[in-house]
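Structural characterization, general
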Amino acid sequence: MQDVFEKEKVEIWSNKPKRDFIFVEDAVEAVLKLIDSSYSGPVNLGSGVSSSVRELCTCLEGLSGIEITDQGIAVSGHMEFCQDLTLIKKIIDWEPQFDLARGLKKTYREMESIYQDRVKACPELKLRVRGAVARHAEQSLSLTQSKRDPPATIQPHRNCVVT
């Protein structure tokens, strides 16, 4: 996901693999419930839904406005993963609350906010940060400055690295 914030062109090896993506908040909730349970042993943790990398990319394209290109490079290993949640549902009466699109949207918005803050703290970064984030950060800066007021002084952020 980081590439949609930093690059004008995003490429992936292959959009064909299918994976069981789980949103971090769902994973944390399940792990905390497992810790509080008396269960001891292996358990599958996932969303229980197999989604293609293409589906993930389509969602990110919609959020970012950045096109993600499939290079068509063959990948090794299993092409499809999907976790069976029968046991975990029985042990802790849990199921994920976020589907792929909702989890990606929340993650994207969080990352967008982080990148906006970095661009505001270090204006030189807007040369590297692409897409909606750079445009939004620039608009935010211009909206907060009145024509009568001098430009805001922006101190470089400690993580400000310009290459």
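For the structure itself, look to the data block above.
Within every chain, residues take consecutive numbers counted from 1 along the sequence as written. Whole-chain, interface and lining totals are the exception, using all residues; otherwise, since this is a predicted model, local features are given only for residues with pLDDT of at least 70 and side-chain atom pairs are given and counted only at 80 or more. Neither water nor hydrogens contribute to the side-chain values; these are computed over all heavy atoms in the structure.

Residues forming no salt bridge and having over 30% relative accessible area are the ones grouped into patches, like charges within 9 Å of each other and nonpolar side chains (Val, Leu, Ile, Met, Phe, Trp, Tyr) within 5 Å. With residues, only the protein chains shown are counted as cover, and all accessible areas are computed by Shrake-Rupley using a 1.4 Å probe. A side-chain nitrogen of Lys or Arg and a carboxyl oxygen of Asp or Glu constitute a salt bridge if their distance falls within 4 Å. A cluster of nonpolar side chains, contributed by Val24, Val28, Val31, Leu32, Ile35 and Leu45, occupies part of the molecular surface with about 510 Å² of accessible area. Strands here are runs of E lasting at least two residues and helices are runs of H or I lasting at least four, both read from the DSSP assignment and numbered beginning at the N terminus. Tracing the backbone shows Leu45 in the loop between helix H2 (24-36) and strand S3 (51-52).

So, about H2. In this analysis, the expected span of each helix is defined as 1.5 Å times one less than the number of residues it contains. Counted at 1.5 Å a residue, the expected span for H2 with its 13 residues is 18 Å, and the 18 Å between its end C-alpha atoms agrees. Taken together, the buried positions of H2 are occupied by Asp26, Ala27, Ala30 and Leu34. Summarising the axial view, the buried residues of H2 lie within an arc of 100°, below the 170-degree limit, and thus occupy one face. H2 presents Val24, Ile35 and Asp36 as exposed residues on the side facing more than 90 degrees away from its buried surface. Looking at the buried side of H2, the elements it contacts are helix H4 (86-92). Between buried and exposed lies partly exposed: a residue is buried under 20% and exposed over 50% of the maximum accessible area for its type, with that area taken using a 1.4 Å probe on protein chains only. The arc in question is formed by the directions pointing from the helix axis toward the C-beta atoms. Whether two residues are in contact is decided by their heavy atoms: any pair within 4.5 Å suffices.

What follows concerns unusual backbone geometry. Leaving glycine out, the prevailing phi sign among residues is negative, and the prevailing peptide bond configuration is trans. Even without a glycine there, the phi angle at Asp93 is positive, about 50°. By secondary structure assignment, the location of Asp93 is in the loop between H4 and helix H5 (100-121).

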